[in-house]
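Below are the chains, spelled out letter by letter.
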Amino acid sequence: MKLLLVEDEPELAKSIQQYLNVNEFICEWAATVTSALDKISNYEYDAILLDLMLPDGDGFEILNELKKQFKTDGVIIISAKETLETRIEGFNLGADDYLTKPFHLSELLVRIQALIRRKKFNGNNTIVFNEIEIDILSKTVKVNNFKVELTKKEIDLLLYFIGNQNRVLSKSAIAEYLSGDMADMLDNHDFVYAHIKNLKKKLKVAQCDDYIKTIYGLGYKWTNE
Amino acid sequence: MSNKLLHKTLQVYLVYSVIIFIIVAPLFYFLADKFYINNIDETLLNTKIEFVKITLPKLKNTDIPLWNKFNKNIKIKEYNEINSDTLFYTSYYDIEEQEKEPYRELNSTIIIDGKRYTFSFKINLIESEDLMLSIALLFFGLIIFMLLGLFFITKKLSIRLWKPFYQTLNQIEQFEIDKNMKPQFSTTSIEEFKRLNKSIENLIKKNSIIYENQREFVENAAHELQTPIAIFKGKLELLMQRSDITKGQADLLEDLNKSTNRLTKLNKNLLLLSKIDKNQFDEISSFQIKGLIEKQLDFFKEQATLKNITIEINLKDAVPVNTNITLTEVLVSNLFLNAIRHNILNGKIMLQLVGHKLVISNTGSPIAINSKSLFNRFSKSNSSKKGNGLGLAIVKKIADLNNWEITYSYSNSLHTFSVIF
């Protein structure tokens, strides 16, 4: 899958590219509005990651251009600007999601995956990982075709893990993913442990392999090894 | 006790008037009395001279009883050894009034048919007392009338004179540097008040500029920090993905992760504060705080279970509030998380919402911080990693913005925050 990253900060762009390039994604980078517009008119992208403040203009110009060319590329705005006005303007111009800097790369990855899923599969929306099958719309999980009762948080957690498979996820990144804006006020991320413990237990009962590995000092990793 | 300016002026006038009154009243009485007695004495003497000149030559010894019979006040008595004219006070019993009445009397020696007699002429002073009383009353009335006039004129005049001053005072009282509302001073023709208004205007202008610069600085600093923090966070996440990390390196990475999180939170809170300052939360709606709390309750409960904290909740349908919902959410969650953060193991949190009041209490050891500076930015009871010292500052800011009253108290090992909205 092809992504376009429009970001003027080279170090951040490099990090995002590095994190996303690991498996299914090819991530191209444009640092200016001009080069981004150039790339957009020449290629098709599954998703565009768009910074709003660029050296030669505004990210909104790119959204306008996409509209003009009737392109339906999914757009996630990644910006340090966080006001209601910019959010509303972004969504009005056709952006699909809005992520405020600084964010966790793992969070960005699941957002891209969700966006692409929404764009590509209209209605039928399931994620399969070995014996696990998750229906995104009805929020149900099956293991070996048997339904497993999971809470909303546990399903979120499962999606997050599978989306970021083979990547080490820190406790704080998971906490932020699970609690959204509230995470900014938490100074204790131990509740993550409780959720992971419950998820592991429920999957084990359903005779699912244990894919969640604890990585000493760092966090957790979903791996098929 | 502080006095109002107008009262102070009036007070001085009043004291002055009372002093004048106390001094003048007896003096006036004394002088009036003296003049009156002088007048009476003159009448007595003149009457006597007239008597001696006109009546006496025609008077005979035998006329005396008849004279005395028909004259009430002028009597011719037996010689009583007084030779020269003598004036004195005396009193006589009045048959009609049945009481003793004061008199002024003149005794003088006259000679009728070669024999010496005493001429006695008396004037009743009762009438004079009545007269004196009338004069005194008139005088008091005049003085009181004058004082009242003085009082009201001064009051009216002072109010008119000081009106621009009070207008200026009201404007300053309403002025808040963090609200974007400059005071409007009314024009005045009085030089001093013109100067006062001008100086205050300049003072406010200067301070507003300084405040605005400070605010912008905090905002810009927080904004500019976002990108480097994002880069740092990204690199850290990438570093974590490496498969060759040793145990020691993992420990270091964990510490780095924690610090980065604190940095991120701090920065976000600073941004939030500057956004509130900039009035970016101006979308207002009417809603129930109860519903807002219930929505967040699961999250709070989850956080509380980590410390095995019991939560007691008593939510009544309170008065709906009319404000920004996001900020109110921040206020409630900040207070709640604060109650969890500074709680003890197996502690308790009590949440009560009734009428216009939201009360959150939590168990916990006393804090070593002045409850006044509790709401200041970065005032923390200890330098532990608990919180970032901005949570309560944000709470206070939101309360102030809504004109809600927030108070803190500590008693019976309970920290209590009350918000009256």
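Please read these numbers as outputs of a predicted model, since none were measured by experiment.

Caption draft 1: The arrangement of the overall build of chain A in detail. When helices and strands are tallied, chain A shows eight helices and 14 strands. Residues classed as buried in chain A amount to 53% of the 225 residues present. At a minimum sequence separation of 6, the contacts of chain A that also span at least 24 residues come to 59%. Total accessible area on chain A is roughly 10,100 Å²; 50% of this is exposed by carbon and sulfur atoms.

Caption draft 2: Spatial organisation of the overall build of chain B. Each helix and strand in chain B was counted, giving eight helices and 11 strands. For chain B, with 421 residues in total, the buried portion stands at 37%.

Caption draft 3: Structural detail: the packing of helix 4 (residues 191-240) of chain B against helix 5 (residues 247-277) of chain B. All names here are of chain B. Packing of helix 4 against helix 5 brings their axes to within 9 Å, and their N-to-C directions diverge by 150°. What the angle tells us is that helix 4 and helix 5 run roughly antiparallel. Of the two elements, helix 4 crosses helix 5, and the hand of that crossing is left-handed. Its residues placed into classes, the contact of helix 4 with helix 5 shows 14 nonpolar, seven polar and four charged.

Caption draft 4: The arrangement of unusual backbone geometry in detail. Of the consecutive residues Lys101 of chain A and Pro102 of chain A, the connecting peptide bond is found in the cis state with omega at -5°. Looking at the secondary structure, you find Pro102 of chain A in the loop between strand 7 (97-100) and helix 5 (105-120). For Asn346 of chain B, which is not a glycine, the phi torsion comes out positive at approximately 60°. By secondary structure assignment, the location of Asn346 of chain B is in the loop between helix 7 (325-341) and strand 8 (348-354). For Asn403 of chain B, which is not glycine, the phi torsion reads 60° and is therefore positive. You can see Asn403 of chain B is positioned in the loop between helix 8 (391-401) and strand 10 (405-411). Judged by relative accessible area, Asn403 of chain B falls into the exposed class, the value being 66%.

Caption draft 5: Just the side chain of Lys233 of chain B, in detail. With respect to the helices and strands, Lys233 of chain B occurs in helix 4. Sequence-distant contacts of Lys233 of chain B, that is, excluding residues within four places in its chain, are made with Pro102, Phe103, His104 and Glu176 of chain A together with Thr260 and Thr264 of chain B.

Caption draft 6: Spotlight on the sheet that holds strand 14 (residues 219-222) of chain A. All names here are of chain A. Taken in spatial order, the three strands make up an open sheet running 12-14-13, and their pairing is antiparallel. Two strands close off the open sheet at either side, each with one partner strand: strand 12 (168-170) and strand 13 (212-215). Sheet twist, expressed as the mean angle between neighbouring strand axes with direction ignored, is 35°. The sheet contact formed by strand 12 and strand 14 spans three bridges and is antiparallel. Residue pairing in the sheet places Ser170 in a bridge with Gly219 of strand 14. Relative to strand 13, helix 8 (residues 191-205) is tilted by about 145°, and along the sheet it contacts strand 13 and strand 14.

Caption draft 7: Representation of the environment of Met132 of chain B in the model. Checked against the element boundaries, Met132 of chain B lands in helix 3 (residues 126-174). Those residues in contact with Met132 of chain B that lie beyond four places of it in its chain are Tyr29, Ala32 and Asp33 of chain B.

Caption draft 8: Representation of the nonpolar core within the structure. The biggest cluster of nonpolar side chains holds 107 residues, and the ones touching the most others in it are Ile16, Leu20, Ile112, Leu158, Phe161, Ile174 and Trp222 of chain A. For this core, the leading source of residues is helix 7 of chain B, giving nine residues. Not counting the four nearest positions on each side in its chain, Leu158 of chain A is found in contact with Ile132, Ile134, Val141, Leu150, Leu199, Leu203 and Trp222 of chain A. Counting residues in each nonpolar core, the second largest holds 20 residues, with Val33, Leu54, Leu66 and Tyr98 of chain A among its members.

Caption draft 9: Representation of the sheet that holds strand 9 (residues 357-363) of chain B. Residues and elements named next belong to chain B. Pairing in this open sheet of five strands is mixed, and the strands run 6-8-9-11-10 from one edge to the other. Looking along the sheet, the strands with just one partner apiece sit at the ends: strand 6 (310-315) and strand 10. If you compare each strand with its neighbour and ignore which way they point, the axes differ by 10° on average. As defined by bridge partners, strand 10 adjoins strand 11 (residues 414-420) across seven bridges and the pair is classed as antiparallel. In the sheet register, Tyr410 faces strand 11, and the bridge partner there is His415. Relative to the sheet, helix 7 contacts strand 6, strand 8, strand 9 and strand 11, its axis offset from that of strand 9 by approximately 20°.

Caption draft 10: Representation of the interface of chain A and chain B. The partner chain B presents 40 residues to the 42 residues of chain A that form the contact. The junction of chain A with chain B conceals about 3,700 Å² of combined surface from both sides, 57% of it contributed by carbon and sulfur atoms. Counting every contact that joins chain A to chain B gives three salt bridges. Our enumeration of links across chain A and chain B arrives at 11 residue pairs in polar contact (both at pLDDT 80 or more). Contributions of two or more residues to the side of chain A that touches chain B are made by helix 1 (10-20), helix 5, strand 12, helix 7 (171-179) and helix 8 of chain A. Top element by residues in the side of chain A that touches chain B is helix 1 of chain A. It accounts for six residues. Of the residues that constitute the side of chain A that touches chain B, the class distribution is 16 nonpolar, 14 polar and 12 charged.

Caption draft 11: Examining the pattern of salt bridges more closely. Scanning the model with the defined rule gives 28 salt bridges over all chains in all. Residues Asp156 of chain A and Lys139 of chain A are paired through a salt bridge, measuring 3.6 Å at the closest nitrogen-oxygen approach. A residue pair is termed long-range when its members are at least 10 positions apart, and Asp156 of chain A in helix 6 (residues 152-163) and Lys139 of chain A in the loop between strand 9 (132-135) and strand 10 (140-143) qualify at 17 residues. On the basis of relative accessibility, which here comes to 16%, the residue Asp156 of chain A falls in the buried class. Each of Glu212, Arg215, Glu219 and Lys278 of chain B takes part in a single network of salt bridges with overlapping partners.

Thresholds applied
Residues numbered from 1 in each chain as written. Chains lettered and ligands numbered in written order. Predicted model: local features only at pLDDT ≥ 70, side-chain atom pairs only at ≥ 80, totals over all residues. Heavy atoms only, no water. Helix = DSSP H or I, 4+ residues; strand = E, 2+ residues; numbered from the N terminus. Buried < 20%, exposed > 50% of the residue type's maximum accessible area, 1.4 Å probe, protein only. Contact = heavy atoms within 4.5 Å. Areas by Shrake-Rupley, 256 points an atom, 1.4 Å probe, with all protein chains shown as cover. Axes fitted to C-alpha atoms, helices over the stretch in contact; angles between N-to-C directions. Parallel < 35°, antiparallel > 145°, perpendicular 65-115°, else oblique. Left-handed = near helix turned anticlockwise from the far one by under 90°. Nonpolar A, V, L, I, M, F, W, Y, C, P; charged D, E, K, R; others polar. Pairing = 2+ DSSP bridges. Core = buried A, V, L, I, M, F, W, Y, C linked by side-chain atoms within 4.5 Å. Buried area = accessible area lost by both parts, 1.4 Å probe. Salt bridge = Lys/Arg side-chain N within 4 Å of Asp/Glu carboxyl O. Polar contact = N/O pair within 3.5 Å; in protein donor to acceptor, adjacent residues only side chain to side chain.

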